[in-house]
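Descriptive analysis of the structure
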Amino acid sequence: MVLAGLIRKLGHQLAEIRERALKSILCKIEHNLICYADLIQERQLFLHLLEWFNFPSVPMKEEVLNLLSRLVKYPPAVQHLVDVGAVEFLSKLRSNVEPNLQAEIDGILDGLFLLPSEVPALSSAAYQTNQTELSKNPEILTGYFPQDKSNFQQMEVPPRPVVNQTVKCLKFSTFPWLPLTTTDRHVLSSNESSLRSSNHTLIWNTCELLKDVIMQDFPAEIFLQRPKIVQSLLSLLKLAFGGDGKHRLALQSVSCLQQLCMYLRNRLNFHRDPGFFSNKHDTVSQNSSLSYCHEARGTHHSQNPSPGSSSPRPSVVGRTGQRPRGDGQDWDAASSSGSSSHAHVNSRISVHSPLDMGHIDLPELETEDTLELQFQQLSLPQFCVSILESAVPLLRTGSRQVIIRVLELLTEDMTLIGEAISTDIWDDSSLFGIDMKEKLLLVLGALGETMCYHKSSISLEQPEVMLVHHRMAFISISLFAVRLLQTLLPVEKASEFLSEPMSTALFLLSLDMPISLEYPNIHEAVVAYLEQLNSENYSIYKRTAEAVYSIECTCNFLSDIGKEGEKNLLELVELADQALRSFSYHQHFPLIKEIISICSKIWKSAQASPLLQGESQKVLLHMLSHPLPRVKAETYHCCLEITKECLGVHNVTKPVSSLCNGIHFLLHPKVLYEISVFGIQEPESEQVNTAAKAILLYLLQGRLMMTALTWNKFIESLCPVIPILQGYADTEDPLGNCILLLSKASSDTEEMLPCTTRLKSMLRLLLVKKPSVRSLALKLLAFHLTSEEGADTKRPLIDARVLSRVTDLFIGKKPIELRLDDRRELVIKLETVEKVYEIFTSDDVDLVLRKSAAEQLAVIMQDIKMHAVVKKLCLIDKIIEYLNECVSQDGKVVECLVQPCLTLLRKVLCGDPVMRVSLSQQSSLLTVLFRVSLIFHEDCSVVTEVGALFCLLLFDEVSRMDMWSVNPSNKPSLPSVFSLPVSVFRRYHLPVHVIGHHAVSPYSIVLPLSADCLALKPVSDMLRIAWNLSWYHGSDNLLKQMNSETKTQEILDALKLSTEDILTLKITHMASGLQDCLHSIVQAATHREVRAAVTRMSFYLLNDRLSLKGCPGPCGVTLKSLAWHTALNRFLQVLPACTEDEKLLIDIIHFLNKLIKEQRKNSSLELLNWILELLLRHEMLGTSLRFSNAAGSETAPVSESDGCASFLWPAVP
């Protein structure tokens, strides 16, 4: 009773009472005091909710519509609403509410149009109605056999997977319903049957009638609300693949559908804003679609009634002529234009039109079932998707006309799609949304396959005309496909929905160099989708794009280097660095010599900025370590040539001058490191190996050819690299001998190396693998030890007997593992460590206890976390003190401490790079350690520990990787883990196990493209075109060079453009393509050639529209600069004399019509003046225009004139 009272109050005259009743119902629903099972049984509720909008004051509109949208989910509610006329009422209401409420109404209408099986059953509600209420309804039994009801009611019925009924993907669904008179229905029915006829001429003329009369006479939405004509037109599209002229009927259908799309867009704009939008600038007549729509609203209470809303529709009986252009109404407005319109239409129709018989014998048509028709109508999204489904397959035909006309249709359709379907379709789980989504995915897949088909069909095996056809088709279809993706599919959802064919097509499109240049905005969109779709293909594209950029830098460098005048060296160096990455493709080796010359020039100047020097050195290092052996070999060869030029014997007679400054670019530790570590040991190229040795030999022997400044610079740069070079020391090799000379201290070479550096080099020779070198090292060390200050007071005495026993002193069989532990927690307390240290350093403690303390400290120092404790306790100083004491004459006493002290020192140095650097410069420590090894030469453990310390101290320079990085940081990071270059392992016999680094050069660049990628045809095509575009600095210059003799001896044959490449460039480059079209028209000898050129020009116009939004495209701009008026004049000054002439004239008129439409916002005065001149000077042109004005495809069936003059003959002045 309470609910019935509230429902009754919803129809009260007072707005306040109505509002309180609605709020009460909504509140009870929210708190589960009533449920939808109660509400959907109340027929009066739905009546009052609809009448809510008929009162003068209409509050809470959104809440009412929201309640209705929730109720229409249930079959009883749908039935009640349909019974009370909700469909018609809401359709009329829609245009009188705010835009945000229109979407709510669309959702309600969609719910009303769902089939009963699609409507979800009532779900269980928390509120239980009483038994008396339930008894009013028939009991619903489930299952074949009776069940225990008590158990059944307790069972929780799992919710069935019901699709969400709210359609979220629609921006616009259906137009307001328009009823038709019997005459209107008969007109549509007659045209429907004519389109299904087997008579081609009848179908042709019906299509003409549709375009010229019917579609202009009826509101466009009529054809969606009664879709049989549209369905017939769509079925006619299949004839595009047929012979015997059937494809012309398909073209007629395409024209009809394209025109319908344009009219639907106009109607859509009208419905969105009736007061603003109008096709005409005069006032709306009573016969207009505006009055028609208001009439259809009936007695709806409107604040702004239409002037025609109260006028009943007059009968058509007795009228024998055609209706004036209108919206499907009969003769309801007298017009003087009626008779003339009638006469004009009859003059164009060669067979009896269905309309001609409309007044004679009207068949009896059944009364319309509005609800059934509304179920059968096409929504705007369905219409758009149906066109996509039917038209996209036609893009694989071999006819230029079919493809261009279908693309023009699809372009209009795409505009409607953007207005009707939102990007939310991919998240829409409604039945409608799922259906639309599946169809769209099939269409996108078909588009991808079509793009791949046309791309793969471009080969030299086909004639040129087919190459042009496939290329033009590929470009335009690709532009359309990308625009459709942008309209429908957000980039981030591409990987979730797009199929493999579209992914492959986008990959091919991304690598199409001419398209990327001509349509950069399309290219950006393609790359964005590809990135989401296929990471592997995107990676190939990115790497190819890097190679393309490198090619551009290569050509720009070569161009700039050849220019006269002052050059920007920093810019040249940057270009050179980028150019190195594409060598694997272009292999233009003259580039290397130019880059080396630039580097030499930069370092020769004392005024060069450090930044410039650093960048040029980076380029040099990249070249010396280039992955391509030929590039590396050429680089070493160029460096050797410059070295010979500066330090060769031919300069011996010349005074020492700045000539040697040309080698300064080589005098840097990093460059010498690269040559020493990787150049000399290059396993793949003997040429590199030989050149590297020659360069080092020239430098080591070139002291007399260098200034003191240059020599000192060389020695300073050489010192950090000596640990590497000494691995090549050899008494029998010229370079090896020069390296040994560095360690000798004769009167001639005593100043060659600093004292500590020379001592380290002598000790280092003890670790090389050649025994002869080790023997020489012992002699050098013996001389050093005997000449040392206080040598008489130190052990051991140096004699030949001692030296003969220690040739293989450090060649041990059990290397030490240089590894420390890094425990998470401290195992030993800090106080304990300090106590052990005190015992070790105390002179009052017995040596045995001190030895034990040293051994304990050595174990403790295995944990790197404990090192911080002993750093502040001066442990190193105490160890050195014990070692010095050991080598003294009375040192035998402390010999027991030596072994644990050496172990302790090794572990501290392993974990402390700073201390390692410091101690490596102390020659006294190095000498003491060597003496200790001589004293304990029979004790393997002591000798091995000394050998390990020598590894840490003698190879410290090359262990620091940050020193050799291309971009060292301002604060070098000293790693705690000691490691050595792999080349040291190869050349030395080390008594330790260490980690290796620099197995490959740290300066080696990674080439963007592997050999496998270069083998891909799309990749190689893109690089080849990129090289030529860069070499000639743009498409315009490249195309100018096509017909001229150009020397291309310097580049590989693989870089020369093929005939296919040239054709592709000419076609894609719009200016060149249009010029080619005009040239073809001027030189044409047949109708086919001219028609092909005009069709191609139409493709360019369409590409403008697809690639740009609302601004004049390059096609229109280019046409303004070309003398195309002259080329077409000949065809507009002579009357068509045969069928082929007529077809050609129609194509030209079509093109001019498209051109004027595309330029309507920015009309060309020259074009308009030209057309006006033709009209004024040649009256026949007006006749020609009238003849072809209605032609929607190639031509209607016309008779040929025998022996007539053709367009292709010169015009008679």
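It should be noted that the structure appears before, not after, this text.
Quick caveat: nothing in here was measured; it's all calculated off a predicted structure.

1. Some thoughts on the overall build of the protein chain
A count of helices and strands for the protein chain gives 61 helices and four strands. A buried classification covers 53% of the 1213 residues belonging to the protein chain. Residue pairs in contact within the protein chain that sit at least 24 positions apart in sequence constitute 75% of those at least 6 positions apart. Here the protein chain has roughly 56,500 Å² of accessible surface; of this, 53% comes from carbon and sulfur atoms.

2. Topic: the packing of helix α12 (residues 200–217) against helix α14 (residues 228–236)
Taken N-terminus to C-terminus, the directions of α12 and α14 make an angle of 135 degrees; their axes are 13 Å apart at the nearest point. Judged on the interaxial angle alone, α14 and α12 are oblique. The chirality of how α12 crosses α14 is left-handed. Two secondary-structure elements touch here, α12 through I203, C207, L210 and M215 and α14 through I229, L233 and L236. The class makeup of the residues in the contact of α12 with α14 is seven nonpolar, no polar and no charged.

3. A closer look at the pattern of salt bridges
Once the charged atoms of two side chains with opposite charge are near each other, the side chains can pair. The tally for this structure, following the rule as stated, stands at 39 salt bridges. Between D1076 and R1096 there is a salt bridge, with its nearest N and O atoms 3.1 Å apart. Of this pair, D1076 sits in helix α55 (residues 1070–1083) while R1096 sits in helix α56 (residues 1087–1107), placing them 20 residues apart in sequence. Residue classification places D1076 among the partly exposed positions, given a relative accessible area of 30%.

4. Comments concerning helix α42 (residues 847–860)
The first and last C-alpha atoms of α42 sit 19 Å apart over 14 residues, in line with the 20 Å expected at 1.5 Å per residue. Here α42 has its buried residues at L847, R850, A853, A854, L857, A858 and I860. Down the axis, α42 shows its buried residues gathered within 160 degrees of arc, on one side only. For α42, the exposed residues set more than 90 degrees away from the buried face come down to V848 and V859.

5. Quick look at the side chain of S959
Along the polypeptide, S959 turns up in helix α49 (residues 956–959). Residues in contact with S959, not counting those within four places in the same chain, are R916, F978, S979, L980 and H997.

6. Description of the nonpolar core
F557, F840 and V932 are the most contacted members of the largest nonpolar core, which has 163 residues in total. Looking at which element gives the most residues to this core, the answer is helix α48 (residues 940–954), with 10 residues. In this view, V932 contacts L883, V887, V898, L902, V942 and V946; residues no more than four positions away in its chain are not counted. Residues I222, L378, A391 and W1124 belong to the second largest nonpolar core, which totals 138 residues.

7. Quick notes on the packing of aromatic side chains
Scanning the model with the defined rule gives 11 aromatic pairs in all. With centroids separated by 6.0 Å and ring planes inclined at 25 degrees, the aromatic side chains of F583 and F589 adopt a geometry described as stacked. Note on F583: relative accessible area 0%, which makes it buried. You can call F589 buried: its relative accessible area is 14%. Measuring from ring centre to ring centre gives 5.5 Å for F810 and F950, while their planes differ by 75 degrees; the resulting arrangement is edge-to-face. Here F810 is found in the loop between α40 (800–804) and β1 (816–817), whereas its partner F950 is found in helix α48, with 140 residues between them in sequence. A relative accessible area of 3% places F810 in the buried class. Looking at F950, the relative accessible area reads 1%, which means it is buried. In this structure, R18 is placed above the aromatic ring of F55, and the distance from its NZ or CZ to the ring centre is 3.8 Å.

Cut-offs used in this document
- Residues numbered from 1 in each chain as written.
- Predicted model: local features only at pLDDT ≥ 70, side-chain atom pairs only at ≥ 80, totals over all residues.
- Heavy atoms only, no water.
- Helix = DSSP H or I, 4+ residues; strand = E, 2+ residues; numbered from the N terminus.
- Buried < 20%, exposed > 50% of the residue type's maximum accessible area, 1.4 Å probe, protein only.
- Contact = heavy atoms within 4.5 Å.
- Areas by Shrake-Rupley, 256 points an atom, 1.4 Å probe, with all protein chains shown as cover.
- Axes fitted to C-alpha atoms, helices over the stretch in contact; angles between N-to-C directions.
- Parallel < 35°, antiparallel > 145°, perpendicular 65-115°, else oblique.
- Left-handed = near helix turned anticlockwise from the far one by under 90°.
- Nonpolar A, V, L, I, M, F, W, Y, C, P; charged D, E, K, R; others polar.
- Salt bridge = Lys/Arg side-chain N within 4 Å of Asp/Glu carboxyl O.
- Expected span 1.5 Å × (residues − 1).
- Arc of directions from axis to C-beta.
- Core = buried A, V, L, I, M, F, W, Y, C linked by side-chain atoms within 4.5 Å.
- Phe/Tyr/Trp six-rings, centres within 6.5 Å; stacked < 30°, edge-to-face > 60°.
- Lys NZ or Arg CZ within 6 Å of the ring centre and 35° of its normal.

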